[in-house]
Amino acid sequence: MQRVTIAPFGRTSDDIDVAVVTLRNRNGIELEALTYGAIIRSLRVPDRRGALDDVVLGYDTLDEYLRRNPFLGALVGRCANRIARGRFSIAGREYPLAVNNGPNHLHGGVRGFDKVVWQATPDADSAGVVFGRTSPDGEEGYPGTLAATVRYSLTDENELVIDYTAVTDRATPVNLTQHSYFNLAGHGAGDILDHILTIDADRYTPVDPSQIPTGALAPVEGTPLDFRRPTAIGSRIQQAHEQIVIGEGYDQNFVLNGDGAGLRVAARVVEPRSGRTLEVATTQPGLQLYSGNRLDGSIIGKDGRPYIRRAGFCLETQHFPDSPNQPSFPSVILEPEQEYRHRTVFTFGSS
């Protein structure tokens, strides 16, 4: 069995070749990732009976990703999530960024890491691939030349291990994350409201009407954001929209317990019908839960399936939104003498 294969997947509008890298473990799990945006295009995992299905939302062709992609499966950066008013300061100097989400900067800007072609280096021995690129000084307004890598490894313990590294020649914000939309019943199988979610977080970051954190760390207790015990995503989603969360459902950063303790379990999801489970462990301090609120059926995904409202959920391991402007939050500023290094592990199973 070939554990890593590479095949052509199309060309961008500026005539750059894009490839699809396929990783396989010894249990039949298969992942496809594109050199464009380091996008995870598909991920086939077994249910409780051993039947494989693709559990991430995506497209069949590169052209569809180029035309319209709400970050399906993408690597996002240089700085994931929102930055207020598209600006931040370092050492008294202000840096303006692209504004692409209302009044704010989101997920690296108009042409962030999700919309560029990465170099792929396969590792057949470990069913892995390393995507690398150098982001030039001034790209999307960010200072410094940033050399970044992301490694996807598929282990025989049914783990998808994602390792992020970066170095810079000038101080710059760095906050990388993976933006896959999961549906453990299978992509296009309906909404994810019956998925049972647990998040190990006692607090969250409240936001203003433009989804920028206020700077407070508020308790989840007594709110629709309390996922400390297993809870169906849909059980309180309307109350969340009405009481706390801007964005017609969940689109919220959680302050994970145990920050600074290294890799630890942040969340667990169970899909009752298939029995598929997903456990998320990370070294990051935050986790953004997004419940696919803006999907509306107009996106036709793989196999011709429409992605209806809340057809997928995202669990984005990250630093907190607007961290460059929030001195009380863990810093996202990478200095030239430092190395950015984080790990997230998605472990798949069944119950």
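Preceding this paragraph is the structure being described.
Since this is a predicted model, take the numbers as computed values, not measurements.

**What to know about the sheet that holds strand 21 (residues 251–256)**
Reasoning step 1: One open sheet holds the five strands; their spatial order is 19-18-21-24-25, and the pairing between them is antiparallel. For this open sheet the edge positions go to strand 19 (218–219) and strand 25 (314–318), each flanked by a neighbour on one side alone.
Reasoning step 2: Pairing of strand 21 with strand 24 (residues 286–290) involves five bridges; the strand directions are antiparallel. Bridging across to strand 24, Phe254 finds its partner in Leu287.

**Quick word on the pattern of salt bridges**
Reasoning step 1: Summed over all chains, the structure comprises 23 salt bridges.
Reasoning step 2: A salt bridge links Glu30 to Arg24; the shortest N-O distance between them is 3.1 Å.
Reasoning step 3: The class for Arg24 is partly exposed, based on a relative accessible area of 22%.
Reasoning step 4: Here the salt bridges share partners, and the residues they tie into one network are Arg3, Arg26 and Asp156.

**Quick look at the packing of aromatic side chains**
In this description, a pair of aromatic rings is defined by centroid distance and the angle of the planes.
Reasoning step 1: This model, assessed by the stated rule, comprises twelve aromatic pairs.
Reasoning step 2: Ring plane angle 90° and centroid distance 5.0 Å describe the contact between Tyr59 and Tyr65, whose orientation is recorded as edge-to-face.
Reasoning step 3: Using a relative accessible area of 2% as the deciding quantity, one classes Tyr65 as buried.
Reasoning step 4: Three or more aromatic residues joined by ring pairs form one cluster here, namely Phe182, Phe313, Phe346 and Phe348.
Reasoning step 5: Of note, Arg236 hangs over the ring of Phe227, and the distance from its end group to the ring centre comes to 5.4 Å.

The rules behind these values
- Residues numbered from 1 in each chain as written.
- Predicted model: local features only at pLDDT ≥ 70, side-chain atom pairs only at ≥ 80, totals over all residues.
- Heavy atoms only, no water.
- Pairing = 2+ DSSP bridges.
- Helix = DSSP H or I, 4+ residues; strand = E, 2+ residues; numbered from the N terminus.
- Salt bridge = Lys/Arg side-chain N within 4 Å of Asp/Glu carboxyl O.
- Buried < 20%, exposed > 50% of the residue type's maximum accessible area, 1.4 Å probe, protein only.
- Phe/Tyr/Trp six-rings, centres within 6.5 Å; stacked < 30°, edge-to-face > 60°.
- Lys NZ or Arg CZ within 6 Å of the ring centre and 35° of its normal.

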